[in-house]
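Inside the fold
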Amino acid sequence: MTEPLHIVGGGMAGSEAAWQAANAGIPVILHEMRPKTGTFAHRTGDLAEMVCSNSFRSDDDEQNAVGLLHWEMRAANGLIMSTADRHRLPAGGALAVDRDPFAADVTAQLKAHPNVTVSYEEITDLPETGHWIFATGPLTSPALADAISKVTGTGALAFFDAIAPIVYAESIDMSKAWLQSRYDKGETEEERTAYINCPMTKDQHEAFIDALLTADKAEFHEGETAGYFDGCLPIEVMAERGRETLRHGPMKPVGLTNPHDPENKPYAVVQLRRDNKLGTLYNIVGFQTKMKYGAQTDVFRMIPGLENARFARLGGIHRNTFLNSPTLLDAEMRLKARPNIRFAGQVTGVEGYVESAAMGLLAGRLAAAEILGGSVPAVPQTTAMGALVTHITGGAEAKTFQPMNVNFGLFPPLDGVRGGRRGRKDRYKGYTDRAKDDWQGWLAAQETSVADVGA
């Protein structure tokens with residue numbers, strides 16, 4: 001009988017790892033501590049619950065590294081991508097989903113799979129025998145984090161992650177706000193009008209920044225430090241870095257025209273993205289925050305169009321743990337100190353739903369091949385998957401290791417392609433064309449290897 005694979009954590013990475021291994025014929029036991037043991041950010045016991053944004057970001061597989069990662073996961077029969085496509089919401093060029101039906105669907109599919117058993121309990125140690133994948137994510141329980149520290153001899157690193165607020169659509173004043181995706185992106189009218197935009201004059205922007213800087217903030221517990229990931233900074237921290245920082249980030253006014261006042265360009269724009277299929281909820285894009293709840297309502301109601309906003313959820317802040325993976329993991333994501341264990345997902349130091357699920361996909365396939373006795377070729381670094389796993393397992397500098405989104409800077413350079421800003425479009429297309437060929441080649445070689453062992 002084939003040995004089982006134990007997967008700890010039913011988030012994006014754990015769910016994807018379970019799906020991939022189960023489809024390879026491996027019996028999988030997926031251990032999830034929720035709902036028996038909850039977390040600060042989760043609301044349900046569903047697998048793959050989305051707790052921050054409802055977006056998988058860009059779906060452009062020719063000019064964007066995230067979109068390329070989407071393509072690679074779809075090509076590998078990825079559970080997360082196929083389910084996201086079924087629950088897709090209009091979001092311009094992005095892939096956003098109706099988060100609750102998405103998580104319920106992932107849960108139902110895994111529970112219905114004949115090779116998957118979902119077991120609800122907390123795992124608090126690192127077993128010395130058996131095949132294991134730990135995909136416990138940014139909210140790894142304190143007991144398990146302590147066990148990891150004891151085995152690795154180095155404490156899990158930590159930073160703080162913030163959650164953006166969600167607004168009831170009916171409470172937004174559309175006489176001031178308007179519907180438009182940036183640069184009118186999207187192939188349908190629904191896609192081109194996927195965002196609600198709230199414009200600000202210079203005076204309104206300055207008053208808003210003043211309020212952010214002086215608002216009451218959440219306090220950290222004793223012994224905690226705030227080493228934020230730059231891709232998920234609280235808006236107050238961005239404002240502290242410079243009064244124009246937000247206007248060149250989530251509040252940039254480019255690619256938008258206010259139909260209420262088309263002759264005057266907004267000085268800044270706050271965007272809200274649809275958060276559910278009904279269109280009754282919208283999250284404020286890029287507005288992760290550590291402000292206290294009372295301060296949030298006061299400050300956010302300064303935004304034109306949100307003066308009477310009602311909030312389905314206010315923002316929050318929580319501790320996020322990750323490994324110093326370049327030091328601790330080998331090239332196949334195994335813990336060097338205990339090779340029967342792999343790590344996957346955000347705990348490895350990748351950032352984002354897509355990146356986490358991608359590392360789960362790889363870990364599940366690698367573990368399945370190992371259990372079946374096959375050998376797996378190295379994932380080409382020219383692919384989005386390969387670029388990410390290479391980065392976390394040795395490509396990054398261990399002394400300065402921080403969570404990383406997938407980006408073309410992780411890819412090997414192309415020969416004979418123009419550099420600089422003017423050559424970017426051709427260069428990115430070159431990256432994605434090369435990656436698709438190499439990823440399809442790797443999938444074929446990996447699946448042939450597994451099939452040969454089973455023959």
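Our subject is the structure that appears above.
Nothing here was measured: the structure is a model prediction, and the numbers come from that model. (Residues numbered from 1 in each chain as written. Predicted model: local features only at pLDDT ≥ 70, side-chain atom pairs only at ≥ 80, totals over all residues. Heavy atoms only, no water.)

1. Quick notes on the overall build of the protein chain
Our working definition: A run of DSSP states H or I qualifies as a helix once it reaches four residues; a run of E qualifies as a strand once it reaches two. Both are numbered from the N-terminal end. In this treatment the radius of gyration is a C-alpha quantity, and the globule benchmark scales as 2.2 Å times the residue count to the 0.38 power. Residue contacts are counted whenever heavy atoms from the two residues lie within 4.5 Å of one another. Using a 1.4 Å probe, accessible areas were evaluated by the Shrake-Rupley method; residue-level cover was limited to the displayed protein chains. In this tally, Lys and Arg are treated as positive and Asp and Glu as negative; His is ignored, and so are the chain termini. Positions of charges follow a simple convention, taking NZ of Lys, CZ of Arg, CG of Asp or CD of Glu.
Looking only at helices and strands, the protein chain has 13 helices and 17 strands in total. A compact globule built from 455 residues should have a C-alpha radius of gyration of about 23 Å, and the protein chain, at 22 Å, falls within 12% of that. Each of the three principal axes of the protein chain carries a C-alpha extent, and together these read 70 × 55 × 45 Å. Long-range pairs, those at least 24 residues apart, make up 70% of the contacts in the protein chain between residues at least 6 apart in sequence. Carbon and sulfur atoms make up 50% of the accessible area of the protein chain, which amounts to about 18,500 Å² in all. With 45 positive and 56 negative side-chain charges, the protein chain shows a separation of 3 Å between the mean positions of the two kinds.

2. Brief notes about the packing of aromatic side chains
Going by this rule: A pair of Phe, Tyr and Trp rings is counted when the ring centres sit within 6.5 Å of each other, with Trp represented by its six-membered ring. The angle between the planes then sorts it: under 30 degrees is stacked, over 60 is edge-to-face, the rest tilted. Each residue is assigned to one of three classes by its accessible area relative to the maximum for its type, calculated with a 1.4 Å probe on protein chains only: buried under 20%, partly exposed between the two thresholds, exposed over 50%. Comment: the charge-over-ring label is applied if NZ (Lys) or CZ (Arg) is within 6 Å of the ring centre and within 35 degrees of the ring normal.
Counting across every chain of the model gives 14 aromatic pairs. On the numbers, 5.9 Å between centres and 25° between planes, the contact of Trp132 with Phe134 is stacked. For the pair Trp132 and Phe134, a shared accessibility class is recorded, and that class is buried. Between the aromatic rings of Phe411 and Tyr431, the centroid separation amounts to 5.7 Å while the plane-to-plane angle is 55°, which identifies the pairing as tilted. Separated by 20 residues along the polypeptide, Phe411 in the loop between α12 (384-395) and α13 (424-454) and Tyr431 in helix α13 bring together distant segments of the chain. Among the aromatic residues, ring-to-ring pairing joins Phe208, Phe287, Phe300 and Phe311 into one connected group. The cationic tip of Arg247 hangs over the ring face of Tyr267; the distance from NZ or CZ to the ring centre is 3.9 Å. One cation-aromatic arrangement involves Arg310 over Tyr168; the distance from NZ or CZ to the ring centre is 4.9 Å.

3. What to know about helix α1 (residues 12-23)
Side chains three or four residues apart in an α-helix point the same way, a direct result of the helix having 3.6 residues per turn. Spelled out, the test is: Expected span, for any helix, means 1.5 Å times one less than how many residues it has.
If you check α1, its first and last C-alpha atoms are 17 Å apart, about what 12 residues at 1.5 Å a residue would give, namely 16 Å. When you tally the buried positions in α1, you get 11 out of 12 residues, the bulk of the element. Those residues of α1 that fall on the buried side of the exposure criterion are Met12, Ala13, Gly14, Ser15, Glu16, Ala17, Ala18, Trp19, Gln20, Ala21 and Ala22. Downstream of α1 by a residue or two, Gly25 has a phi angle that is positive, lying close to 95°.

4. Some words on the sheet that holds strand β3 (residues 55-58)
The condition is simple: Any two strands between which DSSP finds at least two bridges are classified as paired. Between the N-to-C directions of two axes lies an angle of 0 to 180 degrees, each axis being a line fitted to C-alpha atoms and, for a helix, fitted only over the stretch in contact.
Taken in spatial order, the 3 strands line up as β3-β5-β4 in an open sheet, and their pairing is antiparallel. What marks the edges here is a single partner per strand, and that holds for β3 and β4 (88-89). Inspection of the sheet shows β4 paired to strand β5 (residues 94-97) by 2 bridges, in the antiparallel sense. Across the sheet, residue Arg88 finds its bridge partner in β5, namely Val97. Sheet strands touched by helix α2 (residues 65-75): β3, β4 and β5. Its angle to β3, the strand with the most contacts, is close to 115°. Along the sheet, helix α3 (residues 79-86) contacts β3, β4 and β5; its crossing angle with β5, the most-contacted strand, is approximately 80°.

5. Let's talk about the pairing of strand β17 (residues 338-343)
Along β17, 5 of the 6 residues are buried, which leaves the element largely enclosed by surrounding structure. As paired strands, strand β16 (residues 334-335) and β17 are joined by 2 bridges and run antiparallel to one another. In the strand pairing of β17, Leu335 is matched with Arg338. Here β16 hands over to β17 after 2 residues, the two strands then running antiparallel side by side.

6. Details of the sheet that holds strand β1 (residues 5-8)
Hydrogen bonds along the backbone pair up the strands of a sheet, which may run parallel or antiparallel. Ordered in space as β6-β2-β1-β7-β17-β16, the 6 strands form an open sheet in which the pairing is mixed. The open sheet is flanked by β6 (116-119) and β16, the only strands paired with a single partner. Bridge count for strand β2 (residues 28-31) against β6 is 4 bridges, and the pairing is parallel. When the sheet's bridge partners are listed, Val28 is paired in β6 with Val116. The strands touched by α1 within the sheet are β1, β2, β6 and β7 (131-134), with β2 carrying the most contacts at an inclination of about 170°.

7. With respect to the pattern of salt bridges
Worth spelling out the cut-off: The rule for a salt bridge is simple: a side-chain nitrogen of Lys or Arg has to be within 4 Å of a carboxyl oxygen of Asp or Glu.
Inspection of the entire model under this criterion finds 23 salt bridges. A salt bridge links Asp59 to Arg74; its shortest N-O distance comes to 3.1 Å. Of this pair, Asp59 sits in the loop between β3 and α2 while Arg74 is found in helix α2, placing the two residues 15 residues apart along the sequence. Since its relative accessible area comes to 31%, Arg74 is described here as partly exposed. A salt bridge links Asp433 to Lys429; the nearest nitrogen and oxygen atoms lie 2.9 Å apart. One end of the pair, Asp433, and the other, Lys429, are both in helix α13, 4 residues apart, so they sit about a helical turn from each other. Exposure remark for Lys429: the relative accessible area of 28% places this residue in the partly exposed category. Connected via shared salt-bridge partners are Asp330, Glu332, Arg334, Arg342 and Glu370.

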